[in-house]
Amino acid sequence: MTREPAGVSGDDDGDSVVYDLAPDCTADDVARNRPYLAEINGIVDYGVFVDLSDSVSGLVHESVLEGTYRVGEEMVVELESVRDNGDLAFEPVDIESYTLQSVDHDYALTSTDRLEANVGDQIHLEGEVVQIKQTGGPTIFHVADEYGVVACAAFKEAGVRAYPSVEVGDVVRVTGTPEHREGTVQVEVDGLSVLDGETETEARERIEAALEARAEPHEVEPLIDWPAFEKLRPDLEEVARLLRRTVLQGRPIRVRHHADGDGMCAAVPVQIALERFIADVHEDDEAPRHLIKRLPAKAPFYEMEDATRDLNFALEDREKHGQQLPLLLMLDNGSTEEDVPAYETLAHYDIPIVTVDHHHPDPEAVDDLLDAHVNPYLHDEDYRITTGMLCVELARMIYPDLTDELRHIPAVAGLSDRSKADTMDDYLEIAAEEGYDEARLQDVSEALDYAAFWLRYNSGDRLIRDLLEVDCDDEERHRKLVSFFADRAREEVDEQLEAAMPHVEHEELDNGAHLYRIDVENYAHRFTYPAPGKTTGEIHDRKIEETGDPVITVGYGPDFAVLRSDGVRLDIPVMVSELEAEIPGGGISGGGHLVVGSIKFVKGKREEVIDALVGKMEEAELDEALSSAAPIDD
């Protein structure tokens, strides 16, 4: 822009730059020997008063003026002096034509990690809006900078949205005063503006660089030396990085996990690690409660019922509380083709999904729908690396200070899933150092399964933490609770098997394996502990002790069958695929581990499906190195 100022004369080469202060500039932004555009706001006998911005004004003395002036005219001036009382004196500059260059206020920014030290003082803060919540009083803007997230309260009138043009995702500059509110620091907003142009770009680049650095997972040595685990370490680090970044961006996380011992050993450590990291990042003490939720899943896949419920809650939270849509974290679950419809439902809302699992996966079906996928099968390993073992390391990468509380958890996970990994002895040794002998670990495993059954779809946060003795400050209660639940579980298993064992059918297959069948619908107690999968597993274990030979056990109901195998080379996911193709109209689905799994079918095809299944078992090779290392998914 080329301008010709009023009341100024002189020659110029036309290349001069005159600086135009932004309205929020202060006297600190004015430099000597630099021409500024000013506007005359008053005329007196001894000179004229000029404004350079909303808060920068001064006098041009009559001794340096020529001609006449009018209020509202523009004038180019330079700073002459600053008086002892802070008043500014300017003098005119003779420039015939010039180009204007804007000057933004050079803010001294205060980051979220320094708010406590500036309580009661006005500060300036730049960051991204990650949540906007309208209360009955002020509008609460949650703003994330390089160091954390803080609530900024702006008031227009009770229940009315302040700064209605501001949206989640905008980069803003907040001017306000940090104050203590209900035990946390909150910024009382004096002014809030959306950044644009170079200012926005610079702020985003600065915040992005800091977030990238803070999202880096901690470098922690694994609890044991395990070459098989080392193959998965880069994948786990990617997940840790993604979860830490999600927290730094103020995005909620919803954890779904299989409702069994291994699933809880996976989910609870990660939940607590994320809660503690959230508490470090957010000034709001309630943030961990609002930003992470853990929910069990009964099925061995992400059911549409769960997905639509999760999506509905997420959309309601966005509408009521201004939250971003969550990241979904699937643990000990979520690797199969059966998960695809639920994942595709969430894809309509661009909800990121991360899976850490050890069930036999269908990567071609799910990987395009996942933002990250950790599974030992993807690295030529198998289910003996349980999800609980993986997630203890994941939790330590997120929040390493948890390590001492988690050292016994991999052993519980391994016993819960009956892992035959070579390293189980190492995990048992670590647990023993923490006061957990194998009998106590078995009790914890039984207690977790028992609690999970009765909790059904409830997370049971406090109860499960007490059973695991994680984030628990009462060891005596932990021991009594575990003992009570474990004893109850064993008593109810004995009652179930007393009713079921007389009805177990036996035959010896042509390949030399023993096959045991039980109609768990008609010859076991329903709607009580243990569930059909657990009942089948307990029968299977007793038959192995009796025979010492390769054993297959099938527990079936009207439209399902659960399978366990020891010493027989089965591939249950492949068998399910073959049955689906061979029995039209069977409605067959299912999966699991290689020698542990479940199958669903339509009721009218049960006899045909079971007979075909037995035929495939009879053709399978014996291999005593194989055992049903994990419990069946109910």
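Whatever comes next refers back to the structure up there.
Below is a short write-up of the structure. Remember, predicted model here, so these are calculated numbers, not experimental data. (Residues numbered from 1 in each chain as written. Predicted model: local features only at pLDDT ≥ 70, side-chain atom pairs only at ≥ 80, totals over all residues. Heavy atoms only, no water.)

## Quick word on the sheet that holds strand S14 (residues 253–258)
Remark on secondary structure: sheet strands pair via backbone hydrogen bonds, oriented parallel or antiparallel.
So, step 1. Within the open sheet, the five strands sit side by side as S15-S14-S16-S17-S18. Their pairing is parallel. Of all strands in the sheet, those with a lone pairing partner are strand S15 (292–297) and strand S18 (372–374), marking the two edges. On average, adjacent strands in this sheet sit at an angle of 15 degrees to one another, irrespective of strand direction.
So, step 2. Direction of pairing for strand S17 (residues 353–356) relative to S18: parallel, over a ladder of three bridges. Opposite Val-356, over in S18, you have Val-374 as the bridge partner.
So, step 3. Where helix H2 (residues 227–248) meets the sheet, its contacts fall on S14, strand S16 (327–331), S17 and S18, and the angle it forms with S18 comes to roughly 140 degrees. (Pairing = 2+ DSSP bridges. Helix = DSSP H or I, 4+ residues; strand = E, 2+ residues; numbered from the N terminus. Axes fitted to C-alpha atoms, helices over the stretch in contact; angles between N-to-C directions. Contact = heavy atoms within 4.5 Å.)

## Focus: the pattern of salt bridges
So, step 1. Under the definition given, this model contains 45 salt bridges.
So, step 2. Here Arg-488 and Glu-491 are joined by a salt bridge, their closest N and O atoms 3.4 Å apart. Of this pair, Arg-488 and Glu-491 both sit in helix H14 (residues 475–500), three residues apart, which is roughly one turn of that helix.
So, step 3. Under the relative-accessibility criterion, Arg-488 is labelled partly exposed at 32%.
So, step 4. A relative accessible area of 41% places Glu-491 in the partly exposed class.
So, step 5. Salt bridges linked by common partners bring Arg-254, Arg-256, Glu-305, Asp-306, Arg-309 and Asp-310 together as one network. (Salt bridge = Lys/Arg side-chain N within 4 Å of Asp/Glu carboxyl O. Buried < 20%, exposed > 50% of the residue type's maximum accessible area, 1.4 Å probe, protein only.)

## Brief notes about a negative patch on the surface
So, step 1. Negative charge collects at one region of the surface, where Asp-225, Asp-422, Asp-425, Asp-426, Glu-429, Asp-437 and Glu-438 lie side by side.
So, step 2. For the negative patch, the element with the highest residue contribution is helix H11 (residues 424–433), accounting for three residues.
So, step 3. Its location among the elements puts Asp-225 in the loop between helix H1 (197–215) and H2. (Patch = residues over 30% accessible without salt bridge, like charges linked within 9 Å, V, L, I, M, F, W, Y side chains within 5 Å. Areas by Shrake-Rupley, 256 points an atom, 1.4 Å probe, with all protein chains shown as cover. Lys, Arg positive; Asp, Glu negative; His and termini not counted. Charge placed at Lys NZ, Arg CZ, Asp CG, Glu CD.)

## Thoughts on the pairing of strand S11 (residues 149–154)
So, step 1. In terms of burial, S11 is largely enclosed, as six of its six residues are buried.
So, step 2. Where burial is concerned, the two faces of S11 agree: the one with Val-149, Ala-151 and Ala-153 and the one with Val-150, Cys-152 and Ala-154 are both buried.
So, step 3. Bridge count between strand S10 (residues 139–144) and S11: six bridges; the pairing is antiparallel. Residue pairing for S11: His-142 is matched across the bridge by Ala-151.

## Quick notes on the environment of Arg-276
So, step 1. Tracing the backbone through its elements, the reader meets Arg-276 in helix H3 (residues 261–281).
So, step 2. In this structure, the C-alpha to C-alpha distance between Arg-276 and Ile-398, residues 122 residues apart in sequence, is 9.4 Å.

## Looking at the nonpolar core
So, step 1. In this structure, Leu-243, Ile-398 and Leu-468 are the most contacted members of the largest nonpolar core, which totals 95 residues.
So, step 2. Tallying contributions element by element places H3 first for this core, with twelve residues.
So, step 3. Excluding residues within four positions of it along the chain, Leu-243 makes contact with Ile-253, Val-270, Leu-274, Leu-327, Leu-329, Leu-394 and Ile-398.
So, step 4. Leu-515, Ile-552, Met-575 and Phe-601 belong to the second largest nonpolar core, which has 28 residues in total. (Core = buried A, V, L, I, M, F, W, Y, C linked by side-chain atoms within 4.5 Å.)

## Section: empty space enclosed by the protein
To find leftover empty space, one rolls a probe the size of a water molecule over the atoms.
So, step 1. Here the structure, examined in full by the defined rule, presents three cavities of 30 Å³ or more.
So, step 2. Of the voids in this model, the second largest cavity is the one considered here, and its volume is about 50 Å³.
So, step 3. For the second largest cavity, the full set of lining residues is Arg-254, Tyr-302, Asp-310, Leu-311, Pro-326, Leu-328, Leu-346 and Ile-351.
So, step 4. Across the lining of the second largest cavity, the residue classes break down as six nonpolar, no polar and two charged. (1 Å grid on protein atoms, 1.4 Å probe; cavity = no way out; pocket = protein on both sides within 12 Å on 5 of 7 lines; lining within 4 Å. Points joined across faces, edges and corners; volume = space filled by probe spheres on them. Nonpolar A, V, L, I, M, F, W, Y, C, P; charged D, E, K, R; others polar.)

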